[in-house]
Amino acid sequence: MTEVVLRMTGITKQFPGVLANNNVDFELRKGEIHALLGENGAGKTTLMKILYGLYQADDGQIELFGEKATVFSPNDAIGLGIGMVHQHFMLIPQFTVAENIVLGHEPKKFIHLDVASAAKKVQEFSERYGLKVDPMAKVENISVGMQQRVEILKALYHGADILILDEPTAVLTPQEITDLTQTMRELVARGKSIVFITHKLKEVISIADRVTVIRRGLVIGTRNASETDSNELAKMMVGRDVELTVQKTPATPGKVVLDIQDLHAFNNRKLPALRGISLQVRAGEILGIAGVEGNGQTELAEVLTGLRKITSGRILLNGAEIGGLSPRKIIEKNVSYVPEDRQRRGLVLDFSLAENIVFKNFYRPPFAKGVKILWDKVQDYALKLIDEFDIRTPNEKVPVASLSGGNQQKVILARELSSDPDLLVIAQPTRGLDVGAIEFVHNRVVEARDQGKAVLLISLELDEIMALSDRIAVVYEGEIVGEMPASDATEEQLGLLMAGAIRMSDAV
């Protein structure tokens, strides 16, 4: 029988109002990739943060290599051979790769860091594990995939035999995901053991040896990845059967609704974020924008909705210029916006569900008469949309902050889709949602298209882009580097475009 290197027994962790882990048992074997699968908020990251010493369990015990272990801090965990690569990397951008990797265990020459020695050690270490890096490159100048490689090397350099990877594919291109998968397999072949935290079913089946599903703090079950499938795992995650494929008929595009011409804009650091973007979106179609995070997608959504100024170029809606108009004026032109950050941009968390539902139109009939808000009309409208969009809530008066992430997203969708827009700009529509909520959101986006809306979809999830889009445009460093019908797109081609390795002229 394969040696068990980690056993967590009866782990319980409670936060105010939330039982994050409820008597959880989990084990990891030597030389395996064990996926922890569950929706956001299920408790999987909490469990691993307890193992890494970032949280303390209220009850339960941890055994490492057959011995009871006490982990009060990350330093304790590192000393016990546990490393964790967080979803948001913990690197210092201004430091070199070598400086980041040896941090805390620096080779010294007198009282100073021995840079040459550090670079040599990192080079030898990277070659030993097949994780090639440039030791002298600054972290701020390397790709996201390479930064993740640095994080893994850092954990290995500090002596990790057990490696925790938290949502490691969230910001990677398909090629980088392939590279990461190969890296993980090489590491377990060398006797390392990996816990792989994710909510993506496809990756679990292709990468993991075993998978443990957690739902609402409880372990639902553990399966061998080779003996299960996406449908069973989805049902374990949400407690019911889920339709995992998007059902849609071919699009029948109509007139041009959105016409973007040579658009330029700066980011928050006053650096160019959009560099001459030109796109058209027609009524009755979904144009998907694919790209690695940070390549101008956020700025594109913001300029289209009046939240960011353009420096040059034109934005035409049904032939009329809207570039430079205020958000309210753009809303009144029949544009709806589902922002990527629902809590910061889409909702006022302390306000009620009903108030959030009418934010776009509270000052207009039928919700207002002069300066007076007609609260009975607001309430009736909110109740109608709660039913139509299956928003799980005690009533329409609760603060929207009290709702789950999926139900918060439904509130935004209800507000934006029910206003009968000509153009729907929808960014990261399923970020942080479980497979059941994803199914609902996808269906509503396709319904909007079928009702003749023009839909601009921005998503970091390549599977989502390919499943929902009728056409796909790829953005890289603020430029459109490729555009094609979704039916012609492949993961490999899109991945190369997303990484800036080719442009469409090279890809055709």
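Let me begin by describing the structure that accompanies this report. (Residues numbered from 1 in each chain as written. Predicted model: local features only at pLDDT ≥ 70, side-chain atom pairs only at ≥ 80, totals over all residues. Heavy atoms only, no water.)

**Brief notes about the overall build of the chain**
When you go through the chain residue by residue, the secondary structure sums to 18 helices and 24 strands. A compact globule built from 508 residues should have a C-alpha radius of gyration of about 23 Å, and the chain, at 25 Å, falls within 12% of that. In terms of overall dimensions, the chain has a C-alpha envelope of 70 × 50 × 45 Å along the principal axes. For the chain, the exposed area adds up to about 23,100 Å²; of that, 49% sits on carbon and sulfur atoms. Positive and negative charge centroids in the chain, built from 58 and 67 side chains respectively, lie 4 Å apart. (Helix = DSSP H or I, 4+ residues; strand = E, 2+ residues; numbered from the N terminus. Rg over C-alpha atoms; globule rule 2.2 N^0.38 Å. Areas by Shrake-Rupley, 256 points an atom, 1.4 Å probe, with all protein chains shown as cover. Lys, Arg positive; Asp, Glu negative; His and termini not counted. Charge placed at Lys NZ, Arg CZ, Asp CG, Glu CD.)

**Considerations on the packing of aromatic side chains**
We describe a pair of aromatic rings using the distance from one ring centre to the other and the angle between the two ring planes. Taken as a whole and judged by the stated rule, the model has seven aromatic pairs. Centroid distance F15 to Y55: 5.2 Å. Interplanar angle 70°. Geometry classified as edge-to-face. With a gap of 40 residues between them, F15 in strand β1 (residues 4–15) and Y55 in the loop between α1 (44–51) and β4 (59–64) connect regions that are remote in the sequence. Judged by its relative accessible area of 27%, F15 falls in the partly exposed class. Here the aromatic residues F125, Y129 and Y157 are joined through ring pairs into a cluster of three or more. The ring of Y363 has R328 lying over it, and the distance from NZ or CZ to the ring centre is 3.8 Å. The residue whose ring lies beneath R444 is F389, and the NZ or CZ to ring-centre distance is 4.0 Å. (Phe/Tyr/Trp six-rings, centres within 6.5 Å; stacked < 30°, edge-to-face > 60°. Buried < 20%, exposed > 50% of the residue type's maximum accessible area, 1.4 Å probe, protein only. Lys NZ or Arg CZ within 6 Å of the ring centre and 35° of its normal.)

**Let's talk about the packing of helix α4 (residues 115–128) against helix α5 (residues 144–157)**
Two quantities define a packed helix pair, namely the angle between the axes and the distance from one axis to the other. For the pair α4 and α5, interaxial distance at closest approach is 11 Å and the crossing angle is 100°. Judged on the interaxial angle alone, α5 and α4 are roughly perpendicular. Counted together, K121, F125 and S126 of α4 and L153, L156 and Y157 of α5 form the full contact between these two elements. (Axes fitted to C-alpha atoms, helices over the stretch in contact; angles between N-to-C directions. Parallel < 35°, antiparallel > 145°, perpendicular 65-115°, else oblique. Contact = heavy atoms within 4.5 Å.)

**Things to note about the nonpolar core**
With 51 residues, the main nonpolar core has I357, F389, I391, V411, I426, I472 and V474 as its most contacted residues. Take this core: its biggest share by element is seven residues, from helix α15 (residues 435–450). The residues contacting I357, other than those within four sequence positions of it, are Y381, A382, L385, V411, A414 and R415. Among the nonpolar cores identified, the runner-up in size contains 47 residues, and Y129, V188, F196 and A234 belong to it. (Core = buried A, V, L, I, M, F, W, Y, C linked by side-chain atoms within 4.5 Å.)

**Considerations on the sheet that holds strand β13 (residues 256–266)**
Judged by pairing direction, the sheet is antiparallel, and its four strands sit side by side in the order β14-β13-β16-β17 without closing on themselves. At either margin of the open sheet sits one strand with a lone partner, and together these are β14 (272–282) and β17 (320–321). Docked against the sheet, helix α9 (residues 297–304) engages β13, β14 and β16 (312–317), running at close to 120° with respect to β13. (Pairing = 2+ DSSP bridges.)

**Topic: the side chain of T96**
On the secondary structure map, T96 appears in the loop between β6 (82–85) and α3 (97–102). If we skip the residues at most four places from it in the chain, T96 touches P135, M136, A137, K138 and V139.

**Thoughts on the pattern of salt bridges**
Scanning the model with the defined rule gives 31 salt bridges in all. Across the pair E27 and R210 runs a salt bridge whose closest N-O atoms are separated by 3.7 Å. Taken together, the positions of E27 in strand β2 (residues 18–29) and R210 in strand β11 (residues 210–215) put the pair 183 residues apart, joining distant regions of the chain. Residue R223 pairs with E232 through a salt bridge whose shortest N-O separation is 2.9 Å. (Salt bridge = Lys/Arg side-chain N within 4 Å of Asp/Glu carboxyl O.)

**Let's talk about the environment of G294**
Summarising the element assignment, G294 is placed in the loop between β15 (285–290) and α9. Taking the C-alpha atoms as reference points, G294 and Y476, 182 residues apart in sequence, are found 8.8 Å from one another.

**Some details on unusual backbone geometry**
Looking along the chain, the bond that leaves P365 and enters P366 is cis, with omega of 5°. Among the structural elements, P366 can be located in the loop between α12 (353–357) and β19 (368–369). Positive phi values are uncommon outside glycine, yet R216 reaches one of about 50°. Mapped onto the elements, R216 comes out in the loop between β11 and β12 (218–224). Under the relative-accessibility criterion, R216 is labelled exposed at 69%.

**A closer look at α5**
The end-to-end C-alpha distance of α5 is 20 Å, a good match for the 20 Å that 14 residues give at a rise of 1.5 Å each. For α5, the tally of buried residues reaches twelve of 14 residues, placing the bulk of the element in the interior. When α5 is considered as a whole, its buried residues turn out to be G145, Q147, Q148, R149, V150, E151, I152, L153, K154, A155, L156 and Y157. Here the buried face of α5 lies against β6, α3, α4, β9 (162–166) and α6 (174–189). Once α5 finishes, G159 follows within two positions and takes phi at roughly 95°, a positive value. (Expected span 1.5 Å × (residues − 1).)

**Details of the environment of M184**
Along the chain, M184 falls in helix α6. The spacing of M184 and I207 is 23 residues in sequence and 8.5 Å in space, taken between C-alpha atoms.

**Notes on α1**
Most of α1 sits out of view: six of its eight residues are buried. Residues of α1 that are buried: K44, T46, L47, M48, I50 and L51. G53 sits one or two positions beyond α1 and adopts a positive phi of about 85°.

**Looking at the sheet that holds strand β10 (residues 193–198)**
With mixed pairing, the six strands of this open sheet are ordered in space as β6-β9-β10-β3-β11-β12. Edge strands, defined here as strands with exactly one partner in the open sheet, are β6 and β12. Strand-to-strand twist of the sheet, defined as the mean angle between neighbouring strand axes without regard to direction, takes the value 20°. One ladder, built from five bridges, connects strand β3 (residues 33–37) with β10; its direction is parallel. If you follow A35 over to β10, its bridge partner there is F196. Helix-sheet contacts for α1 involve β3, β6, β9, β10 and β11, and the interaxial angle to β10 is about 145°.

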